[in-house]
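Descriptive structure summary
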Amino acid sequence: MSADYSRSESGERVIAESRRPDGTVRKERRVRAGYVPQEEQQVYVSRGAAFKASVPKCPGFEETSTAAAPAKPKTKSAAKNAKRKEKRVTDPAPNGGGGAASNAAATALQNLSLGGGSSSGAAQAQQTAAAPAAAADEEPSTEKQIRTLKKKMRQAEALAEKQGLGQALSPEEQAKLSRLAAWQEELRQLEALS
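Presented here is a report on the structure given in the accompanying data block. Treat the numbers as computed from the prediction; the structure is a model and nothing was measured.

1. Brief notes about the sheet that holds strand S5 (residues 29-30)
- On the basis of which strands lie adjacent, the open sheet formed by three strands has the order S1-S2-S5 and antiparallel pairing. Looking along the sheet, the strands with just one partner apiece sit at the ends: strand S1 (5-7) and S5.
- Of the strand pairs in this sheet, S1 and strand S2 (residues 13-15) are connected by three bridges, and their pairing is antiparallel. Of the residues in S2, the one forming a bridge with Arg 7 is Arg 13.

Here you go:
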């Protein structure tokens with residue numbers, strides 16, 4: 001919105017009075033000396049940007065090629081994901097089957113449960129089916145299940161010590177303590193697989 005400036009009788013710059021759409025009159029407004037409206041002010045340009053704009057361009061030289069040259073090193077997870085993707089491309093096995101050994105391991109993992117009976121077997125089978133069934137991809141999940149079971153067993157053993165000291169346990173804590181033997185059996189089966 002650029003304003004039309006005019007000079008008053010005293011020589012000051014003013015914005016002339018105007019009529020609003022509803023019919024009322026907007027008063028004449030005085031403009032201070034040296035005032036520049038925001039839309040007329042110059043945009044700040046840093047020294048670096050000004051220098052870059054003033055440097056002549058070489059014909060045929062593209063700046064995007066120099067920006068792509070210094071590639072960042074991949075993180076561990078990015079490298080691992082790239083390796084997995086490459087492996088999937090080179091070994092396209094139907095339904096993720098990697099042979100009889102991996103199928104046996106997959107069925108054994110489906111039979112195991114970490115939830116202690118609180119979750120449905122169908123949900124666990126669905127989760128296991130969704131995970132890649134290749135032998136290399138099962139190793140981390142088996143290790144993770146072993147770590148999870150060991151943590152649950154440590155917690156249950158702490159509850160057993162608490163009960164041994166004569167402190168009362170809540171129903172949830174008693175249920176966790178009662179599942180300790182089942183977790184130990186699952187841990188033995190998982191360790192046999194890996």
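2. Looking at the packing of helix H7 (residues 171-178) against helix H8 (residues 180-193)
- For the pair H7 and H8, interaxial distance at closest approach is 4 Å and the crossing angle is 40°. Judged by the angle between their axes, H7 and H8 are oblique. Residue-level contacts link Lys 176, Leu 177 and Ser 178 of H7 to Leu 180, Ala 181 and Trp 183 of H8.
- Taken together, the residues of the contact of H7 with H8 sort by class into four nonpolar, one polar and one charged.

Thresholds, definitions, all that
Residues numbered from 1 in each chain as written. Predicted model: local features only at pLDDT ≥ 70, side-chain atom pairs only at ≥ 80, totals over all residues. Heavy atoms only, no water. Pairing = 2+ DSSP bridges. Helix = DSSP H or I, 4+ residues; strand = E, 2+ residues; numbered from the N terminus. Axes fitted to C-alpha atoms, helices over the stretch in contact; angles between N-to-C directions. Parallel < 35°, antiparallel > 145°, perpendicular 65-115°, else oblique. Contact = heavy atoms within 4.5 Å. Nonpolar A, V, L, I, M, F, W, Y, C, P; charged D, E, K, R; others polar.

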